[in-house]
Amino acid sequence: MIHTPHALRPAVVRTRQLLPRRSDWAHLRPTKDLTAGVMVGLVALPLALGFGASSGMGATAGLVTAIVAGALAAIFGGSRVQVSGPTGAMTVVLLPIIATHGRDGVLVVGLFAGLILIGLAYSGAGRFIRYVPVPVVEGFTVGIAVIIALQQLPAALGVDVDAEKVLMLAARASRVWATDPQWTPLAIAAGVVGLILVLSRWVPLLPGSLVAVVIATVANLLLDWNATVIGHIPSHLPAPALPTVPWVDLDALILPAVAVAALAALESLLSATVADAMSVGQRHDSDRELAGQGVANLVVPLFGGIPATAAIARTAVNVRSGAASRLAAVTHALVLLAIVLVAARWVGEIPRAALAGVLIATAVQMVRVSSLLALLRSTRGDAAVLAITAAATIVFDLVSAVLIGLVVAGYFALRQTARSARLEEMPLDQGDHLEEERSLLDEHIVAYRLEGPLFFAAAHDFLLELADVARVRVVVLRMSRVSAIDATGAHVLADTISRLEQRRITVLLSGVQPHHEQVLRELGVYGRLAHERHLFTTTPEAIGHARLHASRIDHSPASDQQ
């Protein structure tokens, strides 16, 4: 028997916690997983090609990334429904790296980023994602969408221009096109965008991007439009090889690697959180997700791929298609591999303008207008954080934008707390008596009093504990002493109510302050309640209704059979 030295035991234990385990496949549903995997693979094909091409590394690099990272992140990651590969946000970060350090520089950055992600996983950094406010995330998403759309203008207009900043790139492309208009690429791109948006609206289960790209490719071949195509796609994966970068250049690649790792961590954990909200009973492991992305980014550069991260759009398709386990994401990677082996020649005939249309449509779909308007209407602080983060994303870079957004959000949160802080004598109400609380618990009713500010830094810890209450039929949330609430606090409160209601625990709210109602209504808190009659002015009214509700459950036929 081999004994582990005492000093190494914590590292060994931590390694075991981050490695795949047999229980990862406990939710396996072969039919649903295979169907979902095929669907995601068809959706991912044009996206992988487009993001690979727009990164400057080529369409083949995008395919390699989707195949290798898609399989490894699924096996080693912390979410059973997450799908990984090349993303628009990552291509935005990679463009200046390839301009300065070349293709091998990007590959080395990917290797370094993988090591950093694994280090973050060992340190337990995954839990800090919960402190990123919702307006920062939404602003970051809007900024990325704008950048992706602007990056595609040269291909969509059929011109060849170059610029370091995306705003300058779009302006140059527009000027060159105006001097000698090329209508065929523009028609292809506009047709693909329109078809994808129409199909996603009216036939959401159909892989609209794939359908649009196939139609554009066939039309280009039959009508002899001579639109610029992707070109040669190898019918095999390249053999593993280490990138060659002079050691003197390695120091200059550290900061870009940190930026890539930060983006991969942020986007992957946000995507996993979205997947949790879409799937009943799904809870991701943040640190294992970081480790899985780290492993994927360590291996992908050896095959010539670009840094990868989880993809929110592909993950959403996976969940909506019925995925229940990691088999779906692995199947998506195998579908892409089969397409490379069987149809590489035809993939190379796809017009670049068609891929530009796919990415522009993706950028449009990234912006959820209803969520955006709700945040802009909620509070001035949330609106300002969203707008500043979006602008910083477009003008600077993604990591700087998130940091700026956090600073601005912190400023508004501290100002809100300072304004709401006051000292006044509060009379003791009947609900505070110990005997009363014991009586309620015997009736499977529990009342919680939320006190003080409910905003991004304080919302998660308390409310996520509340979502795990057991052996309770009715929860009364007493809101009269909540002094301040922002979009993130309201968002987490809505998620908590949804989790409780899904477990057939009725939630009642009492004492909501009039000046908090707009935020709670706009961000869906009231919509998560069973119905609006579960709102009460006072706590005694809420407790009275809770007792009636609990007694009905006790005398229902279902309870009699138990």
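Criteria and thresholds
- Residues numbered from 1 in each chain as written.
- Predicted model: local features only at pLDDT ≥ 70, side-chain atom pairs only at ≥ 80, totals over all residues.
- Heavy atoms only, no water.
- Helix = DSSP H or I, 4+ residues; strand = E, 2+ residues; numbered from the N terminus.
- Buried < 20%, exposed > 50% of the residue type's maximum accessible area, 1.4 Å probe, protein only.
- Contact = heavy atoms within 4.5 Å.
- Areas by Shrake-Rupley, 256 points an atom, 1.4 Å probe, with all protein chains shown as cover.
- Pairing = 2+ DSSP bridges.
- Right-handed = clockwise from strand over helix to strand, strands pointing away.
- Phe/Tyr/Trp six-rings, centres within 6.5 Å; stacked < 30°, edge-to-face > 60°.
- Lys NZ or Arg CZ within 6 Å of the ring centre and 35° of its normal.
- Axes fitted to C-alpha atoms, helices over the stretch in contact; angles between N-to-C directions.
- Parallel < 35°, antiparallel > 145°, perpendicular 65-115°, else oblique.
- Left-handed = near helix turned anticlockwise from the far one by under 90°.
- Expected span 1.5 Å × (residues − 1).
- Polar contact = N/O pair within 3.5 Å; in protein donor to acceptor, adjacent residues only side chain to side chain.
- pLDDT = per-residue confidence, 0-100.
- Patch = residues over 30% accessible without salt bridge, like charges linked within 9 Å, V, L, I, M, F, W, Y side chains within 5 Å.
- Salt bridge = Lys/Arg side-chain N within 4 Å of Asp/Glu carboxyl O.

Trainee: Which residues make up the overall build of the protein, and what are the values?
Mentor: From N to C terminus, the protein includes 24 helices and six strands. The proportion of buried residues among the 562 residues of the protein is 51%. The long-range fraction of contacts in the protein, counting pairs at least 24 apart against all pairs at least 6 apart in sequence, stands at 83%. When the accessible surface of the protein is split by element, carbon and sulfur atoms take 63% of a total near 26400 Å².

Trainee: Before we move on, can you summarise the pairing of strand 5 (residues 506-510) with the specific residues and values?
Mentor: Of all five residues in strand 5, five are buried; the element is thus mostly enclosed. Here strand 5 shows a buried face lined by Thr506, Leu508 and Ser510 and a second buried face lined by Val507 and Leu509. In terms of strand pairing, strand 4 (residues 474-485) meets strand 5 through five bridges, oriented parallel. The residue of strand 5 that forms the bridge with Val474 is Thr506. Handedness of the strand 4-helix 20 (residues 487-502)-strand 5 crossover: right-handed. Pairing analysis gives two bridges linking strand 5 to strand 6 (residues 535-536), with the strands arranged parallel. Counted as the bridge partner of Leu509 is Leu535 from strand 6.

Trainee: With reference to specific residues and values, describe the side chain of Glu138.
Mentor: Inspection of the secondary structure assignment puts Glu138 in helix 5 (residues 134-151). On the accessibility criterion, Glu138 (7% relative accessible area) is buried. The residues contacting Glu138, other than those within four sequence positions of it, are Arg368, Ser371, Leu375 and Leu386.

Trainee: Please set out the packing of aromatic side chains residue by residue, giving values where relevant.
Mentor: Per the counting criterion, the structure on display carries two aromatic pairs. Summarising the aromatic geometry, the rings of Trp177 and Trp183 are spaced 5.1 Å apart at their centres and angled 80 degrees between planes, so their arrangement reads as edge-to-face. Relative accessible area serves as the criterion here: at 16%, Trp177 is assigned to the buried category. Seen from their ring centres, Tyr411 and Phe412 are 5.2 Å apart, and the 65 degrees between their planes marks the pair as edge-to-face. The exposure class assigned to Tyr411 is partly exposed, which follows from its relative accessible area of 47%. Given a relative accessible area of 19%, Phe412 falls into the buried group. The ring centre of Trp202 lies 5.7 Å from the NZ or CZ of Arg201, which sits over that ring.

Trainee: I'd love a proper account of the packing of helix 4 (residues 88-123) against helix 11 (residues 286-299), names of residues and values included.
Mentor: Across the interface, helix 4 lies against helix 11 with an axial gap of 7 Å and an inter-helix angle of 160 degrees. In terms of orientation, helix 4 lies roughly antiparallel with respect to helix 11. As for the relative orientation of helix 4 and helix 11, their crossing is left-handed in sense. Only Asp287, Leu290, Ala291, Gln293, Gly294, Val295, Asn297 and Leu298 of helix 11 make contact with helix 4, whose side of the interface consists of Gly110, Leu111, Gly114, Leu115, Leu117, Ile118, Leu120 and Ala121.

Trainee: Explain helix 20 to me, and be specific about the residues and the numbers.
Mentor: Taking 1.5 Å of rise per residue, 16 residues should cover 22 Å, and helix 20 covers 22 Å from first to last C-alpha, within 8% of that figure. In terms of burial, helix 20 is a largely internal element, 14 of the 16 residues being buried. Measuring from the backbone nitrogen of Thr488 back to the side-chain oxygen at the start of helix 20 gives 3.3 Å, which picks out Asp486 as the cap. Arg504 sits one or two residues past helix 20 and shows a positive phi near 60 degrees.

Trainee: I'd like to hear about the confidence of the model for the protein, residue by residue, with values.
Mentor: The predicted model of the protein has a mean per-residue pLDDT of 83, with 88% of residues at 70 or higher. Low confidence marks residues 421-434, where pLDDT is under 50. Its contacts with residues over four positions away, or in another chain, come to 12 contacts. Contacts for the low-pLDDT stretch residues 558-562, under 50 throughout, to residues beyond four places or in other chains number four contacts.

Trainee: Give a description of the environment of Val64 that names residues and reports values.
Mentor: Looking at where Val64 falls in the secondary structure, it is placed in helix 3 (residues 59-76). Val64 gets classed as buried once you look at its relative accessible area, which sits at 3%. The sequence separation of Val64 and His236 amounts to 172 residues, and the corresponding C-alpha distance is 9.6 Å. Among all residues touching Val64, those that are not within four sequence positions of it are Ala69, Leu237, Pro238, Phe303 and Gly305.

Trainee: Before we move on, could you go through a nonpolar patch on the surface and cite the residues and values that matter?
Mentor: On the surface, a cluster of nonpolar side chains totalling about 490 Å² of accessible area is made up of Val214, Val218, Leu222, Leu223 and Trp225. The residue Leu223 is located in helix 9 (residues 208-223) in this model. With relative accessibility at 51%, the residue Leu223 sits in the exposed group.

Trainee: Any details on the pattern of salt bridges? Residues and values, ideally.
Mentor: Going through the model one piece at a time under the given rule, you end up with five salt bridges. The residue Arg326 makes a salt bridge to Asp24 at a minimum N-O spacing of 3.6 Å. Of the two residues, Arg326 is situated in the loop between helix 12 (312-320) and helix 13 (327-347) and Asp24 in the loop between helix 1 (9-18) and helix 2 (30-54); the sequence distance between them amounts to 302 residues. Residue class for Arg326 comes out buried when judged on its relative accessible area of 4%.

Trainee: Hey, could you go over the sheet that holds strand 4 for me, with residue numbers and the actual values?
Mentor: Reading across from one edge, 3-4-5-6 is the order of the four strands in this open sheet, with parallel pairing throughout. Of all the strands in the sheet, just strand 3 (445-454) and strand 6 have a single pairing partner and so form its edges.

Trainee: Explain unusual backbone geometry to me, using residue names and the numbers behind them.
Mentor: The phi dihedral of Asn226 is positive, around 60 degrees, even though this residue is not glycine. With phi around 60 degrees, Arg504 is a residue other than glycine that occupies positive phi space. Within the element layout of this structure, Arg504 appears in the loop between helix 20 and strand 5. For Arg504, a relative accessible area of 77% gives the class exposed.

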